[in-house]
Amino acid sequence: MDLVEPGEPAALVDALRGAFADRYGEPPTTVGRAPGRVNLIGEHTDYNAGLVLPVALPHATYAALRARGDELVRVASRQQDDVWEGLLTELGPGQVDGWAGYAAGVLWALREAGYPLPGVDLLVDSTVPVGAGLSSSAALECAVGAALLELAGVGLTDATRGELVAAAIRAETEVVGAPTGGMDQTVAVHGAAGAALLVDFDSGTETQVPLDLAGHTLLVTDTRVSHAHADGGYGARRADCETAVRELGVPSLRRADLTAVEGLGDERVRRRARHVVSEIQRVTDTVAALGEGRWDEVGSLFDASHRSMRDDFEISCPELDCAVAVAVQAGAVAARMTGGGFGGSSVAVVPDERVDAVMRAVDAAFVLEGFRAPAHLRAVPSAGAGVERG
Ligand code: GAF
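Computed from a prediction, not measured in an experiment: that's the story for all the values here.

K.L.:
Could you give an account of unusual backbone geometry, naming the residues involved and the relevant values?
P.N.:
The phi torsion at Ala49 lies on the positive side, around 55 degrees, for a residue other than glycine. Exposure remark for Ala49: the relative accessible area of 13% places this residue in the buried category. The backbone phi angle of Phe342 is positive, close to 60 degrees, even though this residue is not glycine. Considering the arrangement of structural elements, one finds Phe342 in the loop between β10 (334–338) and β11 (345–351).

Below you can see the structure in the form of structure tokens.
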């Protein structure tokens, strides 16, 4: 059984500081941190002015940096072999390939936002699984951004948190070119321990929803089928939603009702819009059911969400369907795929005493199906971005 632990933050930061000094000859001055996330419900609703309900993970990315006296930017990771180097003028859209674009892109976006940041040396470390649908990219963007705002002398305040979210979104959509919504960056910054974050992308408001799990664990299963949102599937779904908006004559799918959606002429566009409109309602219903500990109802809502993503939005895969079905058979009260889809992870609400049984049952089913061995993690609702002191 592969259980991915978040690591002990103080030990991770010490090791990162040491590795930074070994690589660059001097210790870092600042270490930023930002978490990965698991979304409880509300998928592909963020770019449709809808609702989402993610939780920040204890698994996080740490970004150590030191200002340089020149225009050079060096970006390295303890998880990657390649190192990116370039000038401050070479950080923008189309200029940085690969994973370094998420980090360099935030420096570019914060400079665009008016922060006169200098060249920096940067080294990152992370316990967020990559390609698992748990937002390792937003964790990287926001960890780097938190460190840069500290370097800029403003740190993280109510005002700069919003700027950090905006800069991280620009890094992802403009520099990396992944046409994602803003859920991942929003929870990486605004997540809080013990709570889920209800984000309304129409009104632009974020509400902490305290989670009383009452003897349940949020269990994430990484199918190890990896995905990348810069690939075509995510953008194609987004384009279908835009077509539906045009045909319905509404400002966004948030303003569409299911009766109107059922009248859409194109069968595929109709199914895509049906998913989004019904999913937004499921977020509201899930917040109410969680608040009253109505676990059966949470189970029905997760089940409907998963089916909607599998059949109408077509973003599931056999491994996700298997993880979800087997988790429920083995005792989970609720399970669904989570994140952008085309691989990645499922999330299940499991009575504490059934967690081992669920993990074992999913592992066994994956062996039987001939799938790659999955990994699991406990999604203890944790804090959003910050700076590591000491
Ligand atoms: C990915 C995207 F980055 C988010 O913006 C969101 O659309 C999600 O997929 C699906 O809900 O994580």
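K.L.:
Any details on helix α5 (residues 183–190)? Residues and values, ideally.
P.N.:
The element α5 is largely enclosed, with a buried count of eight among its eight residues. Every buried residue belonging to α5 is among Met183, Asp184, Gln185, Thr186, Val187, Ala188, Val189 and His190, and all of these are buried.

K.L.:
So, the site of the ligand: which residues are in play, and what are the values?
P.N.:
Close contacts around the ligand come from 14 residues, with Glu43, His44, Asp46, Asp184 and Tyr234 the closest. Here an oxygen atom of the ligand sits 2.9 Å away from a polar atom, N or O, in the main chain of Gly181. Its free accessible area being 300 Å², the ligand has 99% of it covered by the protein chains. Taken together, the residues of the shell around the ligand break down into three nonpolar, seven polar and four charged.

K.L.:
Could you give me a rundown of the nonpolar core, with the residues and numbers involved?
P.N.:
Counting residues in hydrophobic clusters, the biggest one holds 52 residues, and the most contacted among them are Leu40, Leu53 and Leu253. Looking at this core, the elements that each hand over two or more residues are β3 (54–67), β7 (195–200), β9 (216–222), α6 (232–248), α8 (267–291), α9 (295–312), β10 and β11. Per element, the largest residue contribution to this core is nine residues, and it comes from α8. Counting residues in hydrophobic clusters, the runner-up holds 42 residues, among them Val144, Val165, Ala167 and Val189.

K.L.:
Go over the sheet that holds strand β4 (residues 72–77), please, and point to the residues and values.
P.N.:
Strands sit in the order β5-β4-β6-β3-β1-β13 across an open sheet of six strands; the sheet is mixed. Edge positions in the sheet fall to β5 (84–87) and β13 (386–387), since each of these pairs with one other strand and no more. The pairing of strand β1 (residues 30–39) with β13 spans two bridges and is antiparallel. Along β13, the bridge assignment pairs Gly32 with Val387. Against the sheet, helix α2 (residues 100–112) engages β4, β5 and β6 (120–126), with an angle of about 145 degrees to β4. α5 contacts β1 and β3 of the sheet and is inclined by roughly 125 degrees relative to β1.

K.L.:
Tell me what's going on with the pairing of β3, and back it up with residues and numbers.
P.N.:
In terms of residue burial, β3 counts as a mostly covered element, since eleven of its 14 residues are buried. Sheet analysis places β1 next to β3, joined by nine bridges and oriented antiparallel. Residue pairing for β3: Gly32 is matched across the bridge by Ala63.

K.L.:
Help me get a handle on the packing of helix α3 (residues 136–151) against α5, residues and values and all.
P.N.:
Two numbers describe how α3 lies on α5: the axes approach to 9 Å, and their chain directions differ by 50 degrees. Taken together, the axes of α3 and α5 are oblique relative to one another. For the crossing formed where α3 meets α5, the hand is right-handed. When α3 is examined against α5, the residues Ala138, Glu141 and Cys142 are found in contact with a partner set consisting of Asp184, Gln185, Ala188 and Val189.

K.L.:
Provide a residue-level description of the side chain of Arg271, including the pertinent values.
P.N.:
One can find Arg271 in helix α8. A polar contact of 3.0 Å, which involves the side chain of Arg271, links it to the backbone oxygen of Asp311. Within polar-contact distance, the side chain of Arg271 engages the side chain of Glu314 at 3.1 Å. The contact partners of Arg271, leaving out residues within four places of it in the chain, are Asp311, Asp312 and Glu314.

K.L.:
Mind laying out the sheet that holds strand β2 (residues 51–52), listing which residues take part and the relevant values?
P.N.:
On the basis of which strands lie adjacent, the open sheet formed by three strands has the order β2-β7-β8 and antiparallel pairing. On the outer flanks of this sheet lie β2 and β8 (205–210), each paired with one strand and no other. Against the sheet, α5 touches β2, β7 and β8, its axis set at about 135 degrees to β7.

Cut-offs and rules
Residues numbered from 1 in each chain as written. Predicted model: local features only at pLDDT ≥ 70, side-chain atom pairs only at ≥ 80, totals over all residues. Heavy atoms only, no water. Buried < 20%, exposed > 50% of the residue type's maximum accessible area, 1.4 Å probe, protein only. Helix = DSSP H or I, 4+ residues; strand = E, 2+ residues; numbered from the N terminus. Near = heavy atom within 4 Å. Polar contact = N/O pair within 3.5 Å; in protein donor to acceptor, adjacent residues only side chain to side chain. Areas by Shrake-Rupley, 256 points an atom, 1.4 Å probe, with all protein chains shown as cover. Nonpolar A, V, L, I, M, F, W, Y, C, P; charged D, E, K, R; others polar. Core = buried A, V, L, I, M, F, W, Y, C linked by side-chain atoms within 4.5 Å. Pairing = 2+ DSSP bridges. Contact = heavy atoms within 4.5 Å. Axes fitted to C-alpha atoms, helices over the stretch in contact; angles between N-to-C directions. Parallel < 35°, antiparallel > 145°, perpendicular 65-115°, else oblique. Left-handed = near helix turned anticlockwise from the far one by under 90°.

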